[in-house]
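A look at the structure
If you want the building blocks of each chain, they are given just below.
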Amino acid sequence: MADSTLLPHLPDLVMHQIILRLPTKPAIRMSCLSKQWEGVWSALRILDFDERSQPHDDNDDDNNYKHVKFLNILARYLEFRQKDKQQPPLDKFRLSMRYLDADEDAIIGKLLSNSFERNVKDLDISLRSKHQEVESYYCLPRTAIINAKSVTTLNLEHLRIKDIDSV
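Residues numbered from 1 in each chain as written. Predicted model: local features only at pLDDT ≥ 70, side-chain atom pairs only at ≥ 80, totals over all residues. Heavy atoms only, no water.

1. Side note on a nonpolar patch on the surface
- On the surface, a cluster of nonpolar side chains totalling about 210 Å² of accessible area is made up of L10, V14 and I18.
- With respect to the helices, strands and loops of the structure, I18 is situated in helix 1 (residues 12–19).
- Judged by relative accessible area, I18 falls into the partly exposed class, the value being 34%. (Patch = residues over 30% accessible without salt bridge, like charges linked within 9 Å, V, L, I, M, F, W, Y side chains within 5 Å. Areas by Shrake-Rupley, 256 points an atom, 1.4 Å probe, with all protein chains shown as cover. Salt bridge = Lys/Arg side-chain N within 4 Å of Asp/Glu carboxyl O. Helix = DSSP H or I, 4+ residues; strand = E, 2+ residues; numbered from the N terminus. Buried < 20%, exposed > 50% of the residue type's maximum accessible area, 1.4 Å probe, protein only.)

2. Looking at the packing of aromatic side chains
- The final tally for this structure, using the stated rule, is 5 aromatic pairs.
- Here W41 and F49 contribute two aromatic rings whose centre-to-centre distance is 6.3 Å and whose plane-to-plane angle is 80 degrees, an arrangement assigned as edge-to-face.
- Note on W41: relative accessible area 3%, which makes it buried.
- Their ring planes at 40 degrees and their centres at 6.0 Å tell us that W41 and Y77 sit as a pair that is tilted. (Phe/Tyr/Trp six-rings, centres within 6.5 Å; stacked < 30°, edge-to-face > 60°.)

3. Some words on the sheet that holds strand 5 (residues 153–157)
- The strand order across the open sheet formed by 4 strands is 1-2-3-5, and the pairing between neighbours is parallel. At either end of the open sheet lies a strand with only one pairing partner, and these are strand 1 (46–50) and strand 5. Shown here is a sheet whose adjacent strand axes are inclined to one another by a mean of 5 degrees, direction ignored.
- Relative to strand 5, strand 3 (residues 122–127) is paired through 5 bridges, and the arrangement is parallel. Counterpart to I125 in the pairing with strand 5 is L156.
- Contacts between helix 3 (residues 60–83) and the sheet are confined to strand 1 and strand 2 (92–97), with strand 2 contributing the most and set at about 155 degrees to the helix. (Pairing = 2+ DSSP bridges. Axes fitted to C-alpha atoms, helices over the stretch in contact; angles between N-to-C directions. Contact = heavy atoms within 4.5 Å.)

4. Focus: the environment of A148
- With respect to the element layout, A148 can be found in the loop between helix 5 (142–146) and strand 5.
- Separated by 25 residues in sequence, A148 and L123 have C-alpha atoms that sit 10.0 Å apart.

5. A closer look at the nonpolar core
- In this structure, W41, F49, L74, F93 and L95 are the most contacted members of the largest nonpolar core, which totals 34 residues.
- Secondary structure elements with two or more residues in this core: helix 1, helix 2 (24–31), strand 1, helix 3, strand 2, helix 4 (105–117), strand 3 and strand 4 (138–140). (Core = buried A, V, L, I, M, F, W, Y, C linked by side-chain atoms within 4.5 Å.)

6. Here's the deal with the pattern of salt bridges
- In the structure shown here, the tally under the stated rule is 10 salt bridges.
- In this structure, R81 and D84 form a salt bridge, with 3.1 Å as the shortest nitrogen-oxygen distance.
- Take D84: its relative accessible area is 31%, and that puts it in the partly exposed class.
- The network of salt bridges with shared partners includes K35, E38, R76 and E79.

7. As for the environment of W41
- The topology assignment puts W41 in the loop between helix 2 and strand 1.
- Linking W41 and H16, residues 25 residues apart in sequence, is a C-alpha distance of 8.4 Å.
- If we skip the residues at most four places from it in the chain, W41 touches I19, A27, I28, S31, L47, F49, I73, Y77 and F80.

8. Description of helix 2
- Those residues of helix 2 that sit buried are T24, A27, I28 and S31. For helix 2, the angular spread of the buried residues around the axis is 100 degrees, confining them to a single face.
- Buried positions along helix 2 lie against helix 1, strand 1 and helix 3. (Arc of directions from axis to C-beta.)

9. A word on the packing of helix 3 against helix 4
- Across the interface, helix 3 lies against helix 4 with an axial gap of 11 Å and an inter-helix angle of 45 degrees. With respect to helix 4, the element helix 3 is oriented oblique. For the pair helix 3 and helix 4, the crossing hand works out as left-handed. Two secondary-structure elements touch here, helix 3 through L71, L74, A75, Y77, L78 and R81 and helix 4 through I107, K110, L111 and N114.
- Here the contact of helix 3 with helix 4 is composed, by residue class, of 7 nonpolar, 1 polar and 2 charged. (Parallel < 35°, antiparallel > 145°, perpendicular 65-115°, else oblique. Left-handed = near helix turned anticlockwise from the far one by under 90°. Nonpolar A, V, L, I, M, F, W, Y, C, P; charged D, E, K, R; others polar.)

Now the structure itself:
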């Protein structure tokens, strides 16, 4: 079977438009098929990063591997967005993580900043602590919420807003 039958012979612009109409996970998979489409998915208007939709098993090593893989996808998204100076508007950004360690605060902060730069309208963040017995929360800076002028719908689960009492 020739390679020409594996991928449609459509112009890149058409393929970009097709990818931009897919949900997040299939768009990422489709973008992997060609070097020319590699980062196209990062310009989606609706981004849904849901780690909890992945099957969870009792094997900690396997779960850690899946978590690292998930974090790598988030890091790749940020790399693509940094390369592309044009920040298309973002209708919805959803981040749902099964684990949260303090060393992951930086990537979460960058994801939120990028969402605000893209004028996100619907923001949905759920960050479950890795250690259920310890009350450990990601602390969202209050200024991030105050400066998020474009947000019309906000859903926050398992995180706190810093200095909320001083308002």
